[in-house]
Amino acid sequence: MGRRLRYIPPEGCLVEVTNRTIQGRFLLRPGRKLNKVVVGVLGRAQRLYGVEIHAFVVMSNHFHLLLSVESALQLARFMAYFQGNLAKEAGRLHRWHGPFWHRRYQHVVVSEEERAQVDRLRYILANGCKEGLVASPPEWPGVSSVQALLHGKELRGEWVDRTRQRHASVGEGVDGASRFREREVVSLTPLPCWRGRESNLLRKQLRELVAAIEAETEARHLAEGTKPQGVTHVLLQDPHDKPMRSKRSPAPLFHCASKAAHDLLKGAYAAFNHAFREAARRWQRGDLDTEFPAGAFPPPLPFQHLSQFTG
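Residues numbered from 1 in each chain as written. Predicted model: local features only at pLDDT ≥ 70, side-chain atom pairs only at ≥ 80, totals over all residues. Heavy atoms only, no water.

A. Representation of the nonpolar core in the model. If you look at the biggest cluster of nonpolar residues, it comprises 54 residues, and the most contacted ones within it are Leu65, Leu67, Phe78, Met79 and Phe82. When residues of this core are traced back to their parent elements, those giving at least two are strand S1 (13–20), helix H1 (32–49), strand S2 (52–58), strand S3 (62–69), helix H2 (72–94), strand S5 (155–160) and helix H9 (259–284). The leading source of residues in this core is H2, at 10 residues. Apart from residues no more than four positions distant in its own chain, Leu67 is found in contact with Cys13, Leu14, Val15, Val17, Val51, Glu52, Ile53, His54, Leu75 and Phe78. (Core = buried A, V, L, I, M, F, W, Y, C linked by side-chain atoms within 4.5 Å. Buried < 20%, exposed > 50% of the residue type's maximum accessible area, 1.4 Å probe, protein only. Helix = DSSP H or I, 4+ residues; strand = E, 2+ residues; numbered from the N terminus. Contact = heavy atoms within 4.5 Å.)

B. Looking closely at empty space enclosed by the protein. Counted by the stated rule, this structure contains 1 cavity of 30 Å³ or more. Put simply, the largest cavity is a space of about 30 Å³. Lining the largest cavity we find Val37, Val41, Glu89, Glu158, Trp159 and Val160. Of all the secondary structure elements, the ones that give two or more residues to the lining of the largest cavity are H1 and S5. Residue contributions to the lining of the largest cavity peak at 3 residues, all from S5. (1 Å grid on protein atoms, 1.4 Å probe; cavity = no way out; pocket = protein on both sides within 12 Å on 5 of 7 lines; lining within 4 Å. Points joined across faces, edges and corners; volume = space filled by probe spheres on them.)

C. View of the sheet that holds S3. As summarised here, the arrangement of the 5 strands in space is S2-S3-S1-S4-S7, forming an open sheet in which the pairing is mixed. One side of each edge strand has no neighbouring strand; the edge strands of this open sheet are S2 and strand S7 (254–255). Looking at chain direction, S2 and S3 are connected through 6 bridges and run antiparallel. If you follow Ile53 over to S3, its bridge partner there is Leu67. (Pairing = 2+ DSSP bridges.)

D. View of the packing of aromatic side chains. The full count for this structure, using the stated rule, is 10 aromatic pairs. A centroid spacing of 5.5 Å and a plane angle of 90 degrees characterise the contact between Phe63 and Trp101, whose relative ring orientation is edge-to-face. Separated by 38 residues along the polypeptide, Phe63 in strand S3 and Trp101 in the loop between H2 and strand S4 (106–110) bring together distant segments of the chain. No difference in accessibility class separates Phe63 from Trp101, as the two residues are buried. With 5.9 Å between their ring centres and 20 degrees between their planes, Tyr81 and Trp159 make a pair best called stacked. Placement of Tyr81 in helix H2 and of Trp159 in strand S5 is noted, with a sequence separation of 78 residues between them. Note on accessibility: Tyr81 and Trp159 belong to one class, buried. Taken together, the aromatic side chains of Phe63, Phe78, Phe82, Phe100 and Trp101 make up a single cluster linked through ring pairs. Lying across the ring of Phe297, Arg6 places its NZ or CZ 3.9 Å from the centre. (Phe/Tyr/Trp six-rings, centres within 6.5 Å; stacked < 30°, edge-to-face > 60°. Lys NZ or Arg CZ within 6 Å of the ring centre and 35° of its normal.)

E. How the structure looks around the pattern of salt bridges. Counting across every chain of the model gives 14 salt bridges. Salt-bridge contacts for Arg122 lead to Glu216; the nearest nitrogen and oxygen are separated by 3.5 Å. Of this pair, Arg122 sits in helix H3 (residues 114–125) while Glu216 sits in helix H7 (residues 199–224), and the two are 94 residues apart along the sequence. By relative accessible area, Arg122 is classed as partly exposed at 24%. The class of Glu216 is partly exposed, set by a relative accessible area of 44%. (Salt bridge = Lys/Arg side-chain N within 4 Å of Asp/Glu carboxyl O.)

F. Quick look at unusual backbone geometry. Of note in the backbone geometry, Gln23 takes a positive phi value of approximately 60 degrees without being a glycine. Positionally, Gln23 belongs in the loop between S1 and H1. Of note in this structure, Arg95 is not a glycine but carries a positive phi near 55 degrees. Tracing the backbone shows Arg95 in the loop between H2 and S4.

Next comes the structure, spelled out in structure tokens:
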């Protein structure tokens, strides 16, 4: 089955973006150095490509980002920078050679409905709790937006300019390498449905979301006779290890709270998909001037056989 077309509505939208490490290995396991790197890379990608970040969490083998983007091109450039640089830095830190990501990132459009947007925020905040690792979202030792959302804590990380470092004298020690480190900050903005609300009201709503996640987590452990594995368990994971079983399910086309919103997005995507396929058929027949729908990634030019240029 081919990949879905990368689709963002013409006016831009909220998207949830996720990806997993190769074979689900714990290459993003939390740690002081990696946490700085993740925030640094994310902050630099945001500064370069202007994407709005609403919430995020980086688990040991996958991540979730809740973003507002203007186009599929903006998202693609942001994600290429974020994933490419994170893979290089985490691979360097954990001495991992070879492919880092399981596949290309997946993004799912979230409808404009408040319930749909808050549901995705709640899902991201619950990471770590729903896997049975910690009892409360703030306990997650990895990179997460929860402390910034609840308390306004600055998300500050570190970016290392490897290009300048490479071009400088070879063999510099730690002190020399520190000259190429730059501070980067991740800025968070409220969900589109919450724009204009007072900050104290937003934090109250966020505290309620976190309290509900904590209560749900506690009730589940009581019912199952279990307890969270804890922070120590997470920090002792070998980055090269992978889980015995990996729970996966196909991503939906959209995150919606109502059938009406789902049908509206589905219809828009179907029209976009039809226009793209029609343009692709004309292009394959040799009409290289054909126009693809706005916001699409046209296919690359075909392989040019030598026989086309010989008599």
